Structure formats: structure tokens, C-alpha cells
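Next come the chains, spelled out residue by residue.
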Amino acid sequence: MLFRTRLRRLALTGIALVTATSALPPAAAADFPDRHDRHPSGGGLSAVIRYTEYGIPHIVANDYAGLGFGTGWAQAADQVCVLADGFVTVRGERSRYFGPDAAPDGSLSSATKNLSSDLYFRGVRDAGTVEKLLATPAPAGPGRHVKELMRGWAAGYNAWLKQRPITDPACKNADWVDPVTTLDVARRGFAVSVLGGQGRGIDGITAAQPPGQAPVGAPDAASTAKAASELFAAENADMGSNAVAFSGSTTADGRGLLLGNPHYPWQGGRRFWQSQQTIPGELNVSGASLLGTAVVSIGFNDKVAWSHTVATGVTLNLHQLTLAPADPTAYLVDGRPERMTRRTVTVQVKDGPPVTRTQWWTRYGPVVTSVGPTLPLPWSATTAYALNDPNASNLRSSDTALAFGRSRSTDDVVRALRRTQGLPWINTIAADSKGHTLFTQSQVLPRITDELAQRCSTPLGRVTYPASGVAVLDGSRGDCALGLDEDAVQPGIFGPSKMPTLKDAPYAENSNDSAWLANADRPITGYERVFGSIGTPRSLRTRGGIEDVAAMVGKGRLTVADLQKQQFANRVPAGDLAAADTAKACAALSDKSAELGKACDVLAQWDRTLDTDSRGALLFDRFWRGLTASVPPAELWRVPFSAADPVRTPNTLNTASPGFARALTNAVAELRTANIPLDAPLGEHQFVVRNDRRIPVPGGTEGLGVWNKVEPVWSPAVGYTQVVTGSSHIQAVGWNGGHCPVARTLLTYSQSSNPNSPHYSDQTELFSGERWVPSRYCERDIWRSPALKVVWVRG
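Just so you know, these numbers come straight off a predicted model, no measurement behind them.

Calculation rules
Residues numbered from 1 in each chain as written. Predicted model: local features only at pLDDT ≥ 70, side-chain atom pairs only at ≥ 80, totals over all residues. Heavy atoms only, no water. Helix = DSSP H or I, 4+ residues; strand = E, 2+ residues; numbered from the N terminus. Contact = heavy atoms within 4.5 Å. Core = buried A, V, L, I, M, F, W, Y, C linked by side-chain atoms within 4.5 Å. Buried < 20%, exposed > 50% of the residue type's maximum accessible area, 1.4 Å probe, protein only. Pairing = 2+ DSSP bridges. Expected span 1.5 Å × (residues − 1). Salt bridge = Lys/Arg side-chain N within 4 Å of Asp/Glu carboxyl O. Disulfide = S-S within 2.5 Å. Axes fitted to C-alpha atoms, helices over the stretch in contact; angles between N-to-C directions. Parallel < 35°, antiparallel > 145°, perpendicular 65-115°, else oblique. Nonpolar A, V, L, I, M, F, W, Y, C, P; charged D, E, K, R; others polar. pLDDT = per-residue confidence, 0-100. Phe/Tyr/Trp six-rings, centres within 6.5 Å; stacked < 30°, edge-to-face > 60°. Lys NZ or Arg CZ within 6 Å of the ring centre and 35° of its normal. Polar contact = N/O pair within 3.5 Å; in protein donor to acceptor, adjacent residues only side chain to side chain.

Asks: For this particular structure, what's the right way to read the side chain of Ser409?
Replies: Mapped onto the secondary structure, Ser409 falls in the loop between helix H12 (397–405) and helix H13 (410–420). With residues up to four places along the chain from it excluded, the contact list for Ser409 reads Val304, Arg415 and Asp432.

Set out below in C-alpha cells:
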């Protein structure tokens, strides 16, 4: 009670905050304002930030604007350079500061060069796209509290810029670090929302121009379908995740458990950032935010916890346009021509004259000549393609996240999703203190029913839709419009009643495959192809994850400690399936060299984990990558996939494949060229560098199927350089009947990207040692932190 009383006084009056400093450590007291400067300026926005171990801020404010203010201030303190770089992107000013031909970091779009990125985002600005979305009344547009959070975030970021010097060498004294507006914050949210749609096609949108005199051929259907499948395949994505919720029937105390393990880039603007956000009596949520956002995206409170995984739903579709005779900038709908809308966009360029380009838009969206680097869609004299992205009308994801933070149960999570319909490209997995579980693929998708695809697909679409979920509809027919579900908040998307959902299963798990096997004993079926596939092979990560969590359910009486063990088990499903056969077949090779013979011994002795001290893991990793890249899936296994046994099939490695011996020999040669011993411990060659020091990293790649996924970059001369993506904000959450959740968290790459920060690598060290951060959610735990530092921030 003492702690709660102290919190309220600190949060509500600056005077009480100052007088309370006598009870705090000297280092904390030094950060309070002087007595003559107790009244906040800058519109009266202020917040209290209590920092605990590892630089985790616990932000308290009177209202949503104040909470946004504290969040923007604290994010700037940790990530100002990364944030500023992202604002340059969404303002369309990368070419002005960094040159038109340099490449963006890829966090906010797929653009390969700054110029195409700028042309797209300047076009968004010129069209007033985000302004229109902000002006749209809720629920179709963002709600009042989210707007207040964004306004406060911008003010807090600006206050930090004004009050504190930048010490990060990435942007110290840089002329591209500027104050931001609420609109800038909203534009950043828009960029994240369209990552799976228009964001995939930025090069194709900005390069699309009417054809010249030379004839342009139609895309080949088979190769286009293959390219679409690869583009939307989970194993090729730069983001992924695992998450599992356990019901009370499986746990030691009858309450739910949740383990979240999102896989996101370790650098750049798609990093997570940890905090706790509190408005007394209104909101109290702890977790992680995507940089530049003012809400907790993945997290927990005293009653419910949730995480997200990247979903298989295809968030775009194409409309094949039949062009008007003699005018490639007009298209026919029900026999009547419609002119494309011409958008002229000008971009300022460093050391050069401005560049002006034209973009072409239709009733369906922008004309696009490619989606990603491998999916060409040529604009000919008779045909063009328009990209429909319903998330270009969705600025509601923060409303969804905020509603999650206020939820008291998994039912509240479902109600939040139905009301806001704001998640663009992710699934939700949740558990609550009463023992309930939830999986739902509630995301904003184009309303492509299988019936519509059957009736309206062009010849190209009849190939791409079954293969990948990418619909190509006949844009010349008005009856091929996407239509409206009665329970949808915007036209052309599925309503909540159509979302694949599983409630109260003993476990609900997802590892970036479709909703089908969220629980292998209770398969989800009956959804449209655009959501994902049914009855098809699962990834090794999905198969391994289901095996692991099913075994945990079989054990029963689960606790948070069991979640922690699962996160760092580092079991390799590919190794369990193939290592023994590999070692046996390797030993039987008649023409093996002495070095290959040693490799056989190393593989035979490998413990089939990816711990930092595992010997043989690196050799198997390189062998498996080479084997799966060169041998088609149908030839890899002797026992093929069976939809009746999807977790255990396919199996039994086909060591007779001609690619088998070649992959082994190549793996040995790779390690020899990089001067790496065949039995080198994994952690000596899988690492990140922080301030010139290597930190070993456990875990492994997507293809190996390990839960604790990380992806390093291979250099032939030296082996792996650094881990660039993988496990990020990890949380293991449960409840014990008290007021405080039982939670352990870990931000693998740490809070700050500033090498001068004490929180540049501290949690990375924990991750290397497979250790966790105990959550300080309740007031008594925050105030007892030995690292407590309290800051009153104001305009």
C-alpha cells in the first residue's frame, strides 16, 4: 500500500515527486527538477519514468498524451538515431541526405534504393493519405486515445532532442535529426501497416510507366506462381515468430501460461523496445513496442498476456487491367473506360537537381510492374496490373494494441480484435489468469473468397491463387469487386466472423505456418485460401514446436520455469530427424577423405542442440543448408508427407540422393576455407560484436527448425560474421493468484543501439548465457530495484 500511495503522489503532482526524493538513492534524486523548475512547459505534458535494471523504463502519467510524452522521451533516449533515420524515410527525404542510389535499411519498405523509397513516401505525403486516415472517425479510423498517444509521443521525442545531447556516433551532429510532428508518427505507423502490401511493391509502384513502342510480353504463369509462392513463404521472410499459450488444464495452478518468441531484425527500425506504461486506474501494461510507436505491441498485464506471430494471410491482391485501345493510361470496367490518376512526385536529391516521376493510380490501387525482386508484372499496350492493399486504409493497429493492454481476459482480446480490426499481418496467441487460451488469425486481408477467386481469376490468377494465395482478379468486371462483410469496419476486407480462431485448447501454438495446426489435435479448417493453406507440409520449426509443446502438455503441471526451459532447449528437429542417418551414410562412403572421415565422427558425436558450446552444430548447419538448397523437398525424404500425420512426416533422410555426398563434401570445404575446425563450438563462430567484443549467440537457422531462431550471415573467407535477425523480445508469463504476474523477459539485442549506452549489450550478454530478466510489474518490485533511477520528464 505504501508503494501504491507513493506512486499516485509521484504521478499526480510534481511537488510530491520532488519531496519524495529523500527516500530515493542519491543518483535518483539528482535527476529531479530543481525547485524553481517544477512546472512542466510544452503544453503541460509530463510523465514520471522509473528506470530499473537493464534500462527498462516504467512510465507513469495522468493521461494518454502524457503517457505518449514519456514514451517518446524514453525511446529517444535509447534509440534517437534509429528513430530519426526512420522519420527521414517516411518524410521521403533519404535521397536529400544520403543520396538517391544508397539502399535504405529495409525496416519500413522493400525499396532497393533511396530514390524509389522517397518517391513512394513523398507520394503518400502529397496525396494526404495519412491525414485522411487520421480524420476518419473510429472505428474505421484511429481512436481519440491513440491520437493523444501519438501527439504526446512526438512532443516527448522533441523534448528529449531539445534537452539532451546526442552521443550516438550514428547521428551525432547530423543535419537529418529534426523535431517531428504527430503526422510523422502516424506516417511511421502507416509504413508498418503496409509492409506486407504496398510496402512489398515500392520499386514496382515507382517504376511503373506506360509502355513504349516495343512490345511487352505477358508474364509466364508457372514462373509467376513459383515466384509468388517464394515471395510469401515464411522461410524467406525477414520476420517470423513462435508463440504458445497453455491452458489451466496443463499448468500447476490452473492458470494460463504464455511464451512469446518473435523473430525480428536485430538492427534498424523494426526493433522492439521494452517498457511499462501506466495511467493509474486506467492502464497498466508491460511489454515491447515497435520503435516509433506509442503503444505496447506484445506484452502482459495482471490478467492477460499475448504475443504475435507473422501470419500466412496474403495482405494484397492484384487486379489485371484491360487497357483501352490506343491509350495505355485508361482501363475498361464493364466496357467503359476509366482514366488512371496521374500523381507527379518530386524528390530532392543530394548534390543534384530534383527528380520528378509520375505514378499511376486506379480505383484498385497503384499500377505496379513488380512485387518484390522476382515477381515481374509488365505493363503492355493491352494489360497492366494494379495492387490492392486494404492496409493502406488501416491506421488502427495501435487501437488494437491499446485495447489488448486494457484487456482482462482472452475474451476481451477477442472483443478488442472485433471492435478495432487493426492487425495488418500477424496472428495473436494469448492466455489469461483464469486458464483460458486463444489463437486467432485476425488480420486485415483483402476479401478474396475462394468463390470469388474461382469466378473472377484471370488465367494468371488461376495459377497463382492455389499456389500462393495471391489472387489476380479480372479488373474489367464490376462484379469482381471485393464486396463488404457486414461485420467489417472497412469495405473490401473480411469481417471478424471469418477469422480462423481456436479457443481454450490445452495448447495453442504457431510458428508462422497457417492456422491449420495451431493445435494438432484440434485442426482449424474451413477458411479461405487467402488466409493460408490446409493439409500441406509444415516447416520443421512448426513440427518441432508442436512436438515440444505436446510433450509439455503430456508432462503437465507446467510453470513459467518450463517456458524458460523450452525457449533455450535449442533442440534441432532437423538433427533429430537426420543426424544419425547422415553420420551412418557418411561413414559408409567408400571414397571419403580423412577429413571427411573426421566429419563423420563429429556428426555422430554431436548432441543435436544449438547451444553455444555444441560441437558439430556448425558442421551440420552448413551441411543442412547446402542439402536443402540443392535437393528438392520431394527427393529429400524417403517417407513422404501425409496430411494424416503432418507432424511426423516427411521423415527418413534419403542419403542415396546424389546431392547428399556433395552437400557433405561442400560443408567440410566451407569450414576448411574459413579456417574453422570441424568440431568448433558453435558460439566461437556464431556471435554479435558489441564494442569490439564478440558475444556468443545460441540458437540456429529457420531450416534447422530450432525454436530459438537466429540468422547469422556467412562469409566464405571467415565463416559467420554476425547475427542479424532472430529471437527478439522474449516473454514467459504466468500468474499465481497474487496481484503481480509471474513473468520473465529478455530483449536479445538490448534496449539501446548507442554504443555509448550502458544498455547497448547488457541483455545481449544475458541472452548469450541463457539468462532472463525478472519482471518488475508491481509497485513494490519497481521501488525495490537496486538500479532504480527516477526521472520527471516535461516539455
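Asks: Teacher, can you tell me more about the nonpolar core here?
Replies: One broad rule of soluble globular proteins: the nonpolar side chains tend to lie buried together. Ranked by internal contacts, the top residues of the largest apolar core, which has 170 residues, are Val80, Tyr157, Val177, Phe190, Phe246 and Ile448. Here this core takes 15 residues from helix H4 (residues 64–90), the largest share from any one element. Not counting the four nearest positions on each side in its chain, Phe246 is found in contact with Thr251, Gly256, Leu257, Ala431, Thr437, Pro506, Tyr507, Val549, Met552, Val553, Leu558 and Leu563. Ala617, Phe623, Ala663 and Leu664 belong to the second-largest nonpolar core, a separate cluster that totals 42 residues.

Asks: How should I be thinking about the pairing of strand E6 (residues 283–290) in this particular structure?
Replies: Within E6, seven of the eight residues are buried, leaving the element largely enclosed by the surrounding structure. Sheet topology note: the strand E5 (residues 272–279)/E6 ladder contains eight bridges and is antiparallel. Residue Ile279 lies in a different strand from E6, and its bridge partner there is Leu283. Counting the residues between successive antiparallel strands, the hairpin from E5 to E6 contains three residues, one of them, Gly281, with a positive phi of roughly 80°. Note: E6 against strand E7 (residues 298–300), three bridges, orientation antiparallel. Its bridge partner being in E7, Ser286 is matched across the sheet by Phe300.

Asks: Before we go on, may I ask you to explain helix H19 (residues 594–605) in this structure?
Replies: Because each turn of an α-helix spans 3.6 residues, side chains separated by three or four positions in sequence point in the same direction. The end-to-end C-alpha distance of H19 is 17 Å, a good match for the 16 Å that 12 residues give at a rise of 1.5 Å each. In the core, the buried residues of H19 are packed alongside helix H18 (573–588), helix H20 (617–630) and helix H22 (658–673).

Asks: Hey, could you run me through the pattern of salt bridges in this one?
Replies: If charged atoms from side chains of opposite charge come close, those side chains can pair. The final tally for this structure, using the stated rule, is 32 salt bridges. The partner of Glu711 in a salt bridge is Arg625, and the shortest N-O contact between them spans 3.7 Å. A residue pair is termed long-range when its members are at least 10 positions apart, and Glu711 in strand E25 (residues 710–715) and Arg625 in helix H20 qualify at 86 residues. Residue Glu711 is classed as buried on the basis of its relative accessible area of 15%. Here Arg625 falls in the partly exposed class, since its relative accessible area comes to 25%. Within this structure, Arg91, Glu131, Asp184 and Arg187 form a network of salt bridges that share partners.

Asks: Could you clarify how one ought to interpret the state of the cysteines in this entry?
Replies: A covalent bond bridging the sulfur atoms of two cysteines is what the word disulfide describes. Evaluated as defined, the whole model comprises four disulfides. In this model Cys456 forms its disulfide with Cys480; the gap between the sulfur atoms is 2.1 Å. Residues Cys456 and Cys480 are joined by a disulfide whose S-S torsion is about -90°; by sign, that bridge is left-handed. One end of the pair, Cys456, is in helix H14 (residues 450–456); the other, Cys480, is in the loop between strand E18 (472–474) and strand E19 (501–503), and 24 residues separate them in sequence. By relative accessible area, which is 2% here, Cys480 ends up buried. Each sulfur in the disulfide pair Cys740 and Cys778 lies 2.0 Å from the other. Sign of the S-S torsion, about -125° for the bond between Cys740 and Cys778, identifies this disulfide as left-handed. Within this pair, whereas Cys740 is found in the loop between strand E27 (729–734) and strand E28 (742–747), its partner Cys778 is found in the loop between strand E29 (773–774) and helix H24 (779–783), the two being separated by 38 residues in sequence. The same class applies to Cys740 and to Cys778, which are both buried. Disulfide partners in the chain, listed by the sequence order of the bonded cysteines, are 1-2, 3-4, 5-6, 7-8.

Asks: So what exactly am I meant to see when it comes to the packing of H18 against H20 here?
Replies: For any two helices packed against each other, one specifies the inter-axial angle together with the distance between the axes. Put simply, H18 and H20 touch, their axes get as near as 12 Å, and they point 95° apart. Considering their axes alone, H18 and H20 lie roughly perpendicular with respect to each other. On H20, the residues touching Ala574, Gly575, Ala578, Ala579 and Thr582 of H18 are Phe620, Phe623 and Trp624. Of the residues that constitute the contact of H18 with H20, the class distribution is six nonpolar, two polar and no charged.

Asks: Is there a simple way to think about the sheet that holds strand E2 (residues 56–60) in this case?
Replies: In a beta sheet, neighbouring strands pair by backbone hydrogen bonds and run either parallel or antiparallel. Ordered in space as E19-E17-E16-E8-E7-E6-E5-E2-E1-E30, the 10 strands form an open sheet in which the pairing is mixed. Bordering the open sheet on either side are E19 and strand E30 (789–794), each of which pairs with just one other strand. Across the sheet, the axes of successive neighbouring strands diverge by a mean angle of 20°, strand direction being ignored. By the bridge criterion, six bridges tie strand E1 (residues 46–52) to E30 in an arrangement that is antiparallel. Bridged to Arg50 within E30 is Val790. Docked against the sheet, H12 engages E6, strand E8 (304–310) and strand E16 (426–432), running at close to 150° with respect to E8.

Asks: What exactly am I supposed to notice about the sheet that holds strand E12 (residues 341–347) here?
Replies: A sheet is described by the order of its strands in space; here three strands give the open sequence E12-E13-E14, paired in antiparallel fashion. The open sheet has two free edges, formed respectively by E12 and strand E14 (365–366), since each of these has just one partner strand. In the sheet, strand E13 (residues 355–362) pairs with E14 via two bridges, with the strands oriented antiparallel. Residue Trp361 lies in a different strand from E14, and its bridge partner there is Pro366. On the sheet, helix H6 (residues 114–127) packs against E12 and E13 and is oriented at approximately 120° with respect to E12.

Asks: When you look at the confidence of the model for the chain in this model, what are you seeing that I'm missing?
Replies: In low-pLDDT segments, the atomic positions of the prediction should not be examined closely. Across the chain, pLDDT averages 93, with 93% of residues at or above 70. Every residue in residues 1–8 is under pLDDT 50, and counting partners more than four places away or in other chains gives 11 contacts. Across residues 10–42, where pLDDT falls below 50, the model places 48 contacts with residues more than four positions away in sequence or in other chains.

Asks: Quick question: what am I supposed to make of the packing of aromatic side chains here?
Replies: The way to describe two aromatic rings as a pair is by their centre distance and the angle between their planes. One pass over the structure, following the stated rule, counts 24 aromatic pairs. Ring centres 6.4 Å apart and planes at 70° place the aromatic pair Tyr527 and Phe531 in the edge-to-face group. For the pair Tyr527 and Phe531, a shared accessibility class is recorded, and that class is buried. Each residue in the set Trp606, Phe620, Phe623, Trp624, Trp637 and Phe660 is aromatic and connected to the rest through ring pairs, giving one cluster. It is Arg690 that lies over the ring of Tyr760; its NZ or CZ is 5.4 Å from the centre. Residue placement shows Arg794 over the ring face of Trp792; its charged tip is 5.5 Å from the ring centre.

Asks: Where do I start with the environment of Asp327 in this structure?
Replies: Secondary-structure assignment places Asp327 in strand E10 (residues 327–333). Taking the C-alpha atoms as reference points, Asp327 and Ala680, separated by 353 residues in sequence, lie 64 Å from one another. Engagement of the side chain of Asp327 in a polar contact is seen with the side chain of Arg339, the distance being 2.6 Å.

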